[in-house]
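What follows is the residue order along each chain.
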Amino acid sequence: MRLRVAAGGPAALKVLAAAGAAAAPVRLVWGGPIERPLAPLSPPWAPALELDSGTVLFSPNAICQFFFLARGEEPTDLTNQWLEWEATELQPAASAALYAQLVHGRKGLEAVEALGKLLAHIEQNLSRRGTAYLAGDTKSVADVVVWGTLFPVLQDETSLPSELQVLRTWFQSMTLSEACRKAADSVLMPKALLEFKSYLQKQPPPCLAMERITSNEPEEEEGSEPALTEEEITAAVDAWAHGAAALPKPWQPQKPVLPVEGMRNVLITSALPYVNNVPHLGNIIGCVLSADTFARYCRLRNWNTLYVCGTDEYGTATETKAVEEGLTPQEICNKYNAIHADIYRWFDISFDYFGRTTTPYQTTIAQDIFQRLLARGFLLQDTVEQLQCEDCQRFLADRFVEGTCPFCSYEEARGDQCDKCGKLINAVELKNPQCKLCRGVPVVKPTQHLFLDLPKLEEQLEPWLEQSWATGDWTANARYITRSWIRDGLKPRCITRDLKWGTPVPLDGFRDKVFYVWFDAPIGYLSITANYTDQWERWWKNPQQVELYNFMAKDNVPFHSVIFPCSLLGADDNYTLVNHLIATEYLNYEDGKFSKSRGVGVFGDMAKDTGIPADIWRFYLLYLRPEGQDSAFSWSDLMLKNNSELLNNLGNFINRAGMFVCKFFGGTVPDMVLTPDDKRLLARVTLELHQYHQLLEKVRIRDALRCILSISRHGNQYIQVNEPWKRIKGDEKDRQRAGTVTGVAVNMASMLAVMLQPYMPSVSLAIQGQLCIPPDCFVLSHNFTCTLPPGHRVGTVSPLFQKLEHDQIEALRKRFGGGQVKPPPAPVTLTAPGDPQLIQELTEEVAKQGNHVRQLKANKAEKAQVDTEVAKLLELKKQLALAEGKSPEVPVPKGKRKK
């Protein structure tokens, strides 16, 4: 193999480092941009790899992957995700930062700030996974590629902010590795960098000047807004003048909601929450709240919309929970179905029907799909070895087995996964297995199971996927996860389990088994709809008229994009298949994960006890909805967003607009005479409204919320510049101006009430009541119209939001932060000061414990665990101080003051 690289070219860094890390047998050919490249389409300074076969690779990432593949290291889903992220997010931003450094003379710190959100993304992922490298505990091609992109900009870890401790450790480890160090020494030579700089100076700046990563924060305001055209201003003024008469009439569907010929019929599902636990905030935003927001938007657009959901009630987890609580599975289902329904009712989730899977319809429909798959030859039989408890006379599902982990020797590993090392386990691999029901020792025995023949169905699945991707809106993570399943090759999937609690298998030889929950559960969408209306097939066997949206977290994607569609395609009964698959990333809690057992995080049944209204929770969860990457709930940020975005921005504007009508004009909307500035405002608001629609039609729910807040910011600025409270005291011209500003502002508030309804329905209703907005105006159009004309009377106007106080938030943070484990104080052993051996031992112990605490913090360990280890460190420091003859007082840690 011949590898052509150009000294000074940043892309050469990663390919040389990959060649060294993978010990690839390559012959290096050094060149420059003026030399003829190995590949005709290869850009200057790009590396190129000529294989022995004559094939040429000139994508740096493809070359890196080739080296690792040649060494026998197959890519994982995680490494592929990192490579895709590096190519689409990190690479454009790093290229722009490097251009700014070399051509514009920007300092390294400015470049680091420009990459801030991307660096935080790496820090967050390393911390959350607790691994030394991006894709695990060993170096992978992802580490080399990401490092190679960052190094030319950063050079060393000291340029990274101190709070990115885990990232600094990773970056230093990579930089000090032999392969990376040699690559940097070879490529980034001073003379070569000057040549590269000279080459860059002749090039236009990168077109993506610091492309931003999706984050919890709103986009920064640009220094100047895009200029408005005369056509846009004229169109906005015309739409305004047409008033409420131009709005479409709100449409109320029949009950039950059924598809209507000639209308847009939208069927929405959110992943069925499992019945055996209480949903936390991450579960709520990932499924039901996101789907609810979109469903409400669809209804405001006069689209014929049905939104169904329900609890997923069959399976091992239900049986396990029933054993734990001493109830029958049905009693457990009844109890938790009611808990879920209460939680979603409090969060104002607007299901058309919220059902459950333990119904006769579930049995009928699931068995019908099964029989059709069987008749068409899409099911296989195979023998599987399982653990059987002879005392209980049953095969044991994974969760009914406990034993010693075969990987890390943890003694309480479950039959499906070890909680200590995190590795997936086949229950028969456990050492010293025990039945969790009777503590007996199970034995390995063969049992027959049925499998869905996914390889046979693949030829139907792939063309359907291509069509759905081409015509529908699938989130990027949904597409990627699905592609990775297809790329790795589909395998037969077991659809039966040796359980009692489930939909029975209607086949001789298998009648003592039930369907596996992931074959059975998605069929719940159909059976829940059937419990809502006996005409359910008009929704679920009508792909010509119905658009199906599935909402879920990313871990549910394969079941909705591969397994369930294969079941329906194989059944061959004109089923409605998903058109738009909307998957979120994960929502974390502060610096860790939600944990009911440890009391960490807010769960659905706790939110209403905080005293914070449901709409505030809805707003904040939708504001930080994890659309492009994981996000994290933060109490401080909740307080900030409530007090700044809701109280001072949105609430302030709507309240002022309404109060001016009441205070200055007797509660009646005044006459309006539009000036050029007013007309430009109408056009600006119309553009925001158009953007709101474009984003929500693509189900970019979080980004669309920014449009609402942007409009209210425009409104506040409009009021502030025109000062109607001063003009109302002036001459006739000033009073007329005050009237125009007040009238335009209150109409903006009226439109915001409608736009806000999918996000904060109760607040929207309150604005509707205060401003007496006619019900016929509660519909979304693409135009900003005058819905509250001169002479319209408003009602009593009052504040919409309350300030969240620091003490209130701190109390909630402490309440939901988990139990603080405080070790008993260790007895202080008084020793003669100055004992060198004791001082040496304690000094070493303090250093060791200090490193341990720093490592825990860097890995974002649970707060309770960190506090425990910090307490040990402080105790060791006391003992060291006593041994040295000093006062044992230890300074109070930063941020925690003695009272």
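Structure shown above.
Okay, so let's go over this structure. Note that the structure is predicted; figures quoted are calculated from it, not measured. (Residues numbered from 1 in each chain as written. Predicted model: local features only at pLDDT ≥ 70, side-chain atom pairs only at ≥ 80, totals over all residues. Heavy atoms only, no water.)

**Considerations on the packing of helix H23 (residues 635-665) against helix H29 (residues 806-815)**
The relative placement of two packed helices comes down to the angle between their axes together with the axis-to-axis distance.
Here is step 1: Put simply, H23 and H29 touch, their axes get as near as 9 Å, and they point 150° apart. Regarding the angle of H23 to H29, the classification is roughly antiparallel. Crossing geometry of H23 relative to H29 is assigned as right-handed. Judged by residue contacts, Trp-635, Ser-636 and Met-639 of H23 engage His-806, Ile-809, Leu-812 and Arg-813 from H29. (Axes fitted to C-alpha atoms, helices over the stretch in contact; angles between N-to-C directions. Helix = DSSP H or I, 4+ residues; strand = E, 2+ residues; numbered from the N terminus. Parallel < 35°, antiparallel > 145°, perpendicular 65-115°, else oblique. Left-handed = near helix turned anticlockwise from the far one by under 90°. Contact = heavy atoms within 4.5 Å.)

**Details of the nonpolar core**
Here is step 1: The biggest cluster of nonpolar side chains holds 182 residues, and the ones touching the most others in it are Ile-268, Ile-369, Trp-617, Trp-635, Tyr-692 and Tyr-759.
Here is step 2: Counting residues per element, this core draws most heavily on helix H27 (residues 732-756), which supplies 13 residues.
Here is step 3: Among all residues touching Tyr-759, those that are not within four sequence positions of it are Thr-293, Arg-618, Leu-622, Tyr-692, Leu-696, Ile-701, Ala-704, Leu-705 and Ile-708.
Here is step 4: Core analysis: the second largest hydrophobic core is formed by 54 residues, Ala-18, Leu-51, Trp-82 and Leu-119 among them. (Core = buried A, V, L, I, M, F, W, Y, C linked by side-chain atoms within 4.5 Å. Buried < 20%, exposed > 50% of the residue type's maximum accessible area, 1.4 Å probe, protein only.)

**Brief notes about the sheet that holds strand S5 (residues 265-270)**
Here is step 1: An order of S7-S6-S5-S17-S18 is seen for the five strands of this open sheet, with the pairing classed as parallel. Every other strand in the sheet has two partners, leaving strand S7 (353-356) and strand S18 (580-584) as the edge strands with one partner each. The sheet shows a mean angle of 20° between the axes of neighbouring strands, direction not considered.
Here is step 2: As paired elements, strand S17 (residues 546-553) and S18 share five bridges and run parallel to each other. Bridge pairing in S18 places Ala-553 opposite Thr-584.
Here is step 3: Where helix H13 (residues 329-346) meets the sheet, it contacts strand S6 (304-311) and S7, and its direction lies at approximately 160° from that of S7. (Pairing = 2+ DSSP bridges.)

**What about the packing of aromatic side chains?**
Here is step 1: Summed over the entire model, instances satisfying the criterion amount to 33 aromatic pairs.
Here is step 2: With centroids separated by 5.2 Å and ring planes inclined at 55°, the aromatic side chains of Phe-370 and Phe-515 adopt a geometry described as tilted. Of the two residues, Phe-370 is situated in helix H14 (residues 360-375) and Phe-515 in strand S16 (residues 514-515); the sequence distance between them amounts to 145 residues. By the burial criterion, Phe-370 is buried, and Phe-515 matches it.
Here is step 3: With a centroid separation of 6.3 Å and 35° between ring planes, the pair formed by Phe-660 and Trp-725 is classed as tilted. Of the two residues, Phe-660 is situated in helix H23 and Trp-725 in helix H26 (residues 724-727); the sequence distance between them amounts to 65 residues.
Here is step 4: Accessibility expressed as a relative area gives 10% for Phe-660, which makes it buried.
Here is step 5: Members of the aromatic cluster, connected to one another through ring pairs, are Phe-294, Tyr-297, Trp-303, Tyr-549, Phe-551 and Tyr-692.
Here is step 6: Across from the ring centre of Trp-303, 4.0 Å away, lies the NZ or CZ of Arg-264, which sits over that ring. (Phe/Tyr/Trp six-rings, centres within 6.5 Å; stacked < 30°, edge-to-face > 60°. Lys NZ or Arg CZ within 6 Å of the ring centre and 35° of its normal.)

**Focus: unusual backbone geometry**
Here is step 1: Going from Lys-255 to Pro-256, the amide bond is cis rather than trans, its omega being -5°.
Here is step 2: Of note, Asn-574 is a non-glycine position whose phi angle comes to about 60°, a positive value.
Here is step 3: As for its position among the elements, Asn-574 is in the loop between helix H20 (557-571) and S18.
Here is step 4: Judged by relative accessible area, which is 39%, Asn-574 ranks as partly exposed.

**Points about the sheet that holds strand S10 (residues 401-404)**
Here is step 1: Sheet architecture is open: three strands sit in the order S11-S10-S12, paired in antiparallel fashion. Edge strands, defined here as strands with exactly one partner in the open sheet, are strand S11 (413-414) and strand S12 (431-435).
Here is step 2: When S10 meets S11, the two strands line up antiparallel, connected through two bridges. Paired with Glu-402 across the bridge in S11 is Arg-414.

**Thoughts on helix H10 (residues 230-242)**
Here is step 1: With 13 residues, H10 extends 19 Å from end C-alpha to end C-alpha; this agrees with the ideal 18 Å at 1.5 Å per step.
Here is step 2: Listed as buried for H10 are Ile-233, Ala-236, Val-237, Ala-239 and Trp-240. Axial view of H10: buried residues confined to an arc of 165°, hence all on one face. Looking at H10, the residues exposed on the side facing more than 90 degrees away from the buried face are Glu-230, Glu-231, Ala-241 and His-242.
Here is step 3: Buried positions along H10 lie against helix H24 (676-697) and H27.
Here is step 4: Residue Gly-243 follows H10 closely and has a positive phi angle near 65°. (Expected span 1.5 Å × (residues − 1). Arc of directions from axis to C-beta.)

**Describing the pattern of salt bridges**
Here is step 1: Applying the stated criterion to the full structure yields 38 salt bridges.
Here is step 2: Among the salt bridges present, the one from Arg-727 reaches Asp-734, with a minimum N-O distance of 3.2 Å.
Here is step 3: Exposure remark for Arg-727: the relative accessible area of 27% places this residue in the partly exposed category.
Here is step 4: Within this structure, Asp-292, Arg-296, Asp-348 and Arg-618 form a network of salt bridges that share partners. (Salt bridge = Lys/Arg side-chain N within 4 Å of Asp/Glu carboxyl O.)

**A word on the state of the cysteines**
Here is step 1: With the rule as written, the count across this model stands at zero disulfides.
Here is step 2: You can see Cys-389 has no disulfide; the closest cysteine sulfur is in Cys-438, sitting 3.5 Å from it.
Here is step 3: For Cys-389, a relative accessible area of 1% translates into the label buried. (Disulfide = S-S within 2.5 Å.)

**Here's the deal with the pairing of S10**
Here is step 1: Sheet topology places S10 next to S12; three bridges connect them, and they run antiparallel. Following the sheet pairing, Thr-404 is matched in S12 by Lys-431.

**Observations regarding the pairing of S5**
Here is step 1: With six of six residues buried, S5 lies mostly within the body of the structure.
Here is step 2: Side chains Asn-265, Leu-267 and Thr-269 project from S5 onto one buried face, and the interleaved Val-266, Ile-268 and Ser-270 project onto a second face that is buried too.
Here is step 3: Relative to S6, S5 runs parallel, the two being bridged by five bridges. If you follow Leu-267 over to S6, its bridge partner there is Leu-306.
Here is step 4: For the crossover from S5 across helix H11 (residues 281-300) to S6, the handedness is right-handed.
Here is step 5: One ladder, built from six bridges, connects S5 with S17; its direction is parallel. Within S17, the residue paired with Asn-265 across the bridge is Val-546. (Right-handed = clockwise from strand over helix to strand, strands pointing away.)

**A short note on the packing of helix H15 (residues 454-471) against H20**
Here is step 1: Taken N-terminus to C-terminus, the directions of H15 and H20 make an angle of 100°; their axes are 9 Å apart at the nearest point. Put simply, H15 runs roughly perpendicular to H20. Facing Leu-454, Leu-457, Gln-460, Leu-461, Trp-464 and Leu-465 of H15, the residues of H20 in contact are Ser-561, Val-562, Ile-563, Pro-565, Cys-566, Leu-569 and Gly-570.
Here is step 2: Taken together, the residues of the contact of H15 with H20 sort by class into ten nonpolar, three polar and no charged. (Nonpolar A, V, L, I, M, F, W, Y, C, P; charged D, E, K, R; others polar.)

Taken by themselves, the reported measurements are silent on function.
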